[in-house]
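# Structural overview for review
Residues per chain are reported as follows:
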Amino acid sequence: MKHSSNGGLVYSTDGGRMCPGCRQPLAACACKAASAPMGDGVARVSRQSKGRGGKTVTLVKGLALDAVALAALGKQLRTACGSGGTVKDGVLEVQGDHVERIVDELQKLGHTVKRAGG
């Protein structure tokens, strides 16, 4: 084990990969447990093109899911729409205008859904 001059761990083979947030081994990471799901449980589906070079994306906000479940739901929605997308800061982004399809899909999965924006 090596320590830097300010006392932080620089390199260790003891615990394997380290979490960059809490500096603990990934198996004992406290970051995952501390991150509570954001949102009130009502999925708000909206369309946005501002600041995206004219490209339209469909946004899903407000789902009370943890990061793993949100990523899995994002994969399901992207597959249903046949397009790409990502999850950023608890917001699902699906490329293209798929508001109606995403609202239908979320309702089938048992989520409370509201259309947001115009």
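Right above here is the structure, for reference.
Rules of the game
- Residues numbered from 1 in each chain as written.
- Predicted model: local features only at pLDDT ≥ 70, side-chain atom pairs only at ≥ 80, totals over all residues.
- Heavy atoms only, no water.
- Helix = DSSP H or I, 4+ residues; strand = E, 2+ residues; numbered from the N terminus.
- Buried < 20%, exposed > 50% of the residue type's maximum accessible area, 1.4 Å probe, protein only.
- Contact = heavy atoms within 4.5 Å.
- Arc of directions from axis to C-beta.

## Things to note about the environment of Thr-112
Within the secondary structure, Thr-112 is located in strand S7 (residues 112-115). Relative accessible area serves as the criterion here: at 47%, Thr-112 is assigned to the partly exposed category. C-alpha of Thr-112 to C-alpha of Ala-43: the two residues are 69 residues apart in sequence and 6.1 Å apart in space. Apart from residues no more than four positions distant in its own chain, Thr-112 is found in contact with Gly-41, Val-42 and Ala-43.

## With respect to helix H3 (residues 99-108)
Among all positions of H3, only Val-99, Ile-102, Val-103 and Leu-106 are buried. Relative to the axis of H3, the buried residues are bounded by an arc of 100° and lie together on one face. The inward-facing, buried residues of H3 abut strand S3 (42-48), strand S4 (57-61), helix H2 (67-81), strand S6 (91-95) and S7. Positive phi shows up at Gly-110, right after H3, with a value of about 90°.

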